Amino acid sequence: MLVLLTGAFGNLGMATAEALIRAGHDVRAIDLDTKLARRRADELRKLAKRAGKNLDVRYGDIRDASFVRHAVLECGAAIHLAAILPPKTEQSPELAHAINFGGTECLLRAIEDMRHPARLVFPSSVSVHGPRLHERPPVTGSTPTQGTDEYTRGKIACEELIRGSRIPWVITRVGVSPDPGASSVTLDTLRMLFRLSPKNRIEYVHRDDVARALAVAVSEPAALGKTLMLGGGKGCRITHYDLIQTLFDALGLGHVPFEVFGDESYYTDWMDTEESQHILQFQSRRFEDYQEELTRRMTPVRLALRPGRSPLRWAFLSLVRPKKR
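Residues numbered from 1 in each chain as written. Predicted model: local features only at pLDDT ≥ 70, side-chain atom pairs only at ≥ 80, totals over all residues. Heavy atoms only, no water.

Asker: Mind showing me how you'd approach the nonpolar core here?
Answerer: The nonpolar side chains of soluble globular proteins are, as a tendency, buried together. Residues F9, I79, L230 and L280 are the most contacted members of the largest nonpolar core, which totals 39 residues. When residues no more than four places from it in sequence are discounted, the contact partners of F9 are M14, A29, D31, A37, R40, A41, L44, V57 and Y59. Ranked by size, the runner-up nonpolar core spans 29 residues in total, among them I30, I99, C106 and L120. (Core = buried A, V, L, I, M, F, W, Y, C linked by side-chain atoms within 4.5 Å. Buried < 20%, exposed > 50% of the residue type's maximum accessible area, 1.4 Å probe, protein only. Contact = heavy atoms within 4.5 Å.)

Below is the structure:
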């Protein structure tokens with residue numbers, strides 16, 4: 001099958017393109033024209049060539065109706081990853097709405113105009129269920145949604161738009177999938193993370209497992225018309241404290257005191273993945289795998305921090321500690 005992949009050269013996009021190629025599909029990859037996109041496109045071409053598959057790369061804007069209409073031609077399915085993510089969605093809400101909702105609507109209309117409409121696979125988020133600290137886990141595909149910011153309101157609106165369309169669709173709600181190689185976390189983001197209660201529940205899922213699930217969803221008959229939860233399973237059920245302590249361990253900064261955290265509820269929770277795993281067979285990693293990968297990637301930073309570890313630790317904690325109300 002020829003599969004259209006939007007947002008193809010982001011981190012999840014690259015993993016999904018690789019999963020599609022390994023599953024035997026040809027890929028039409030679309031994204032904005034940047035130096036990073038061109039470099040990653042070259043990497044994917046090499047993989048596709050080794051696998052004997054075709055990679056068709058096209059650069060353009062997901063809001064451009066003519067570009068999207070031509071991009072989806074001859075495709076049997078589309079995975080729609082192109083989107084703006086937090087915190088940029090909250091910093092530029094109008095742009096986020098134009099791309100996240102407007103881009104989805106543009107793709108949807110293009111598919112509706114096809115003689116044989118492609119199946120649309122749409123990755124939504126566990127965050128659409130709203131703050132969950134004081135609710136009972138787990139969340140399911142039928143758990144009520146609650147928009148709490150531009151990002152979640154956009155995801156909910158896209159889900160509703162897709163369900164009301166005339167095309168074949170699969171919606172997935174993705175759990176927490178941090179990138180071990182991320183290096184652009186801001187102080188404001190860190191302060192936000194420490195405002196949260198350490199008791200908030202999180203279900204980790206590895207990016208490659210998400211990519212594998214999306215690649216299966218483009219053709220699996222049992223996935224059609226389903227809202228499927230993409231979490232890592234019981235071996236990936238952790239708390240917010242576990243996630244932050246993992247970061248401190250990887251940096252060699254020692255124990256994180258409970259008292260430096262706030263008490264805010266967050267829009268994460270454990271997930272019921274029994275149906276999605278049965279249909280998509282995607283779960284292969286545990287949270288321990290993330291811990292090991294993060295520790296390995298942070299080794300140069302950890303070694304560089306070692307001489308001043310103690311003062312750095314307390315300076316960091318003082319910077320992120322929530323202010324008393």
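Asker: How should I be thinking about the sheet that holds strand β2 (residues 26–31) in this particular structure?
Answerer: Each strand in a sheet pairs with another by means of backbone hydrogen bonds, the pair being arranged parallel or else antiparallel. Strand order in the open sheet formed by 7 strands is β3-β2-β1-β4-β5-β6-β8, with parallel pairing between adjacent strands. Either end of the sheet is taken by a strand with one partner, and the two such strands are β3 (55–59) and β8 (227–230). Ignoring strand direction, the axes of neighbouring strands in this sheet form an average angle of 20°. Bridge analysis of β2 against β3 gives 5 bridges, and the strand direction is parallel. Its bridge partner being in β3, I30 is matched across the sheet by R58. (Pairing = 2+ DSSP bridges. Helix = DSSP H or I, 4+ residues; strand = E, 2+ residues; numbered from the N terminus. Axes fitted to C-alpha atoms, helices over the stretch in contact; angles between N-to-C directions.)

Asker: Which parts of the structure should I look at to understand the packing of aromatic side chains?
Answerer: In this description, an aromatic ring pair is defined by two values, namely the gap between the centres and the angle between the planes. Scanning the entire structure with this criterion turns up 9 aromatic pairs. Judged by centre distance (6.4 Å) and plane angle (40°), the rings of F9 and Y59 are tilted. Linking F9 in the loop between β1 (2–6) and α1 (11–22) with Y59 in strand β3, this pair joins segments that are 50 residues apart in sequence. With a centroid separation of 4.6 Å and 35° between ring planes, the pair formed by Y241 and F258 is classed as tilted. Taken as a pair, Y241 in helix α9 (residues 240–251) and F258 in the loop between α9 and α10 (274–280) lie far apart in primary sequence, 17 residues in all. Of the aromatic side chains, those joined through ring pairs into one cluster are F194, Y241, F248, F258 and F261. Its end group placed over the ring of W314, R313 keeps NZ or CZ at 4.5 Å from the ring centre. (Phe/Tyr/Trp six-rings, centres within 6.5 Å; stacked < 30°, edge-to-face > 60°. Lys NZ or Arg CZ within 6 Å of the ring centre and 35° of its normal.)

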